[in-house]
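Chain by chain, the residues run as shown.
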Amino acid sequence: MKKIIVTGVVMGLMSWQVAAQSFVLTDAEAGMDKGDWQISSQKLKLAGADFSIQQKVLHGGKQEGSKVLTITSKGLTIALSPTRGMDLLHVTGDNIRLGWDSPVNEVVNPAFINLESRNGVGWLEGFNEMMVRCGYEWTGHPVVADGMIYTLHGRAGNTPASKVVVDISDTAPYEITVRGLIKEHTFKKAKLETWTELRYVPGSHSWTIHDTLTNQSDYPHDYQIIYHSNFGQPILEQGARFIAPVKSISPFNDYAKKGMSDWQTYAGPTKNFDEMVFNMVPYADAQGKTIAGVVNKAGNKGASIEFNTHQLPLLTLWKNTDTLKQGYVTGIEPGTNYAYPVTIERKQGRVKQLQPGQSTVFELTYSLLPNADAVNKFEQRVKTIQGTQKTETSDKPIAVE
């Protein structure tokens, strides 16, 4: 444990200091890993606080050696995996789970995954997270180009963190920050590094993801990111609704055309339902902020994601209302691009680039909506952003080879 002081200047007028206790759980450079570990507000003697943080190393099957870090408080219980790209496994609060039931029921260690299997969709063999980072070197459907296989949704979600640090503020409200360093380093190809952050105030129903991507190489490098955020029961059900201020929407492919008439609502579990994907451009407020979410039929529980369209200008809606055993789930996916193969995204100008040494930031705030009042406030926020602006719809997929 180490106590650190973070200093800064606000608007050039006043300085501030935030004292925090810092715990390094993994450091590849130093060759250390704490393995099973835990801390609590009681152990830290933080007056008025009530939370615990635990890291557990899993054993057996394909999850052998995988780590799960869990924050538990009266507001939410948040579980993420440092082994799986610092991605979120599930979040629970007020007896409502944010996440889904995947046929993949273990926290699969990437050591047991071949991303190139099944013609480049080996990524699916570990896919069960509430939120997985698709990227950063590339994302989207697999394609063979440039003498290599661009596998489904990139490598970040199957890259163990090289460094994991837990910071806990010494002053109320005792914000917890879990940081992880994801390295996408390949000889002659890439040197991208992402410092992921999960920021959570114990007792609240919201948390923030704050990621900083840096190109550490001497050459410019492309990047893509989709925050693949997934929700199933109890929020997803027959009559559940997707809600967002949408400027334009189009089907991902010909199959999704069939769902254009009712893209805002969900069916119950449906056998032989193939996935339907819709490409969207969201409206935003004057600061570039927008919000999207899913609520149940009764409108008394749901989940929302706030993000900045200056960072993540596009939104993908994934509807996979297959049977419960196959994975009954919907994905709300802010991103820099859509989920087409990187070759199509390049042609259509949706692949970003970082210059040598350049960084870019992505920030999203997720919220559990535990009751009708929270759902109503979310819907009002959407209506305020949308205003009288119309949603343009198209039956034509936007990708053309």
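Residues numbered from 1 in each chain as written. Predicted model: local features only at pLDDT ≥ 70, side-chain atom pairs only at ≥ 80, totals over all residues. Heavy atoms only, no water.

- Where an unreviewed UniProt entry is consulted, the chain appears under the name DUF4432 domain-containing protein, with the organism given as Hafnia psychrotolerans.

**Looking at the layout of surface pockets**
Reasoning step 1: When its volume is computed, the largest pocket comes out at roughly 510 Å³.
Reasoning step 2: Forming the walls of the largest pocket are 23 residues, and the residues nearest its centre are Leu 124, Phe 127, Glu 275, Trp 318 and Asn 320.
Reasoning step 3: The biggest single contributor to the lining of the largest pocket is strand E23 (residues 314–321), with three residues.
Reasoning step 4: Taken together, the residues of the lining of the largest pocket sort by class into 12 nonpolar, seven polar and four charged. (1 Å grid on protein atoms, 1.4 Å probe; cavity = no way out; pocket = protein on both sides within 12 Å on 5 of 7 lines; lining within 4 Å. Points joined across faces, edges and corners; volume = space filled by probe spheres on them. Helix = DSSP H or I, 4+ residues; strand = E, 2+ residues; numbered from the N terminus. Nonpolar A, V, L, I, M, F, W, Y, C, P; charged D, E, K, R; others polar.)

**Examining the packing of aromatic side chains**
Reasoning step 1: Throughout the structure, instances matching the rule amount to 12 aromatic pairs.
Reasoning step 2: Note on Trp 138 and Tyr 150: the rings are 5.1 Å apart at their centroids and 85° apart in plane angle, and the pair reads as edge-to-face. Linking Trp 138 in the loop between strand E10 (131–136) and strand E11 (143–145) with Tyr 150 in strand E12 (residues 148–150), this pair joins segments that are 12 residues apart in sequence.
Reasoning step 3: Classification of Trp 138 by relative accessible area gives buried; the value is 1%.
Reasoning step 4: Judged by its relative accessible area of 7%, Tyr 150 falls in the buried class.
Reasoning step 5: Ring centres of Phe 252 and Tyr 340 lie 4.1 Å apart, and the angle between their planes is 10°; on these two criteria the pair is classed as stacked. Taken as a pair, Phe 252 in the loop between strand E19 (246–251) and helix H3 (254–257) and Tyr 340 in the loop between strand E24 (328–335) and helix H5 (342–347) lie far apart in primary sequence, 88 residues in all. Like Tyr 340, Phe 252 is buried.
Reasoning step 6: An aromatic cluster of three or more residues is present, and its members are Trp 100, Trp 123, Phe 127 and Trp 318.
Reasoning step 7: The ring of Trp 195 has Arg 179 sitting right over it, with the charged end atom 5.4 Å from the ring centre. (Phe/Tyr/Trp six-rings, centres within 6.5 Å; stacked < 30°, edge-to-face > 60°. Buried < 20%, exposed > 50% of the residue type's maximum accessible area, 1.4 Å probe, protein only. Lys NZ or Arg CZ within 6 Å of the ring centre and 35° of its normal.)

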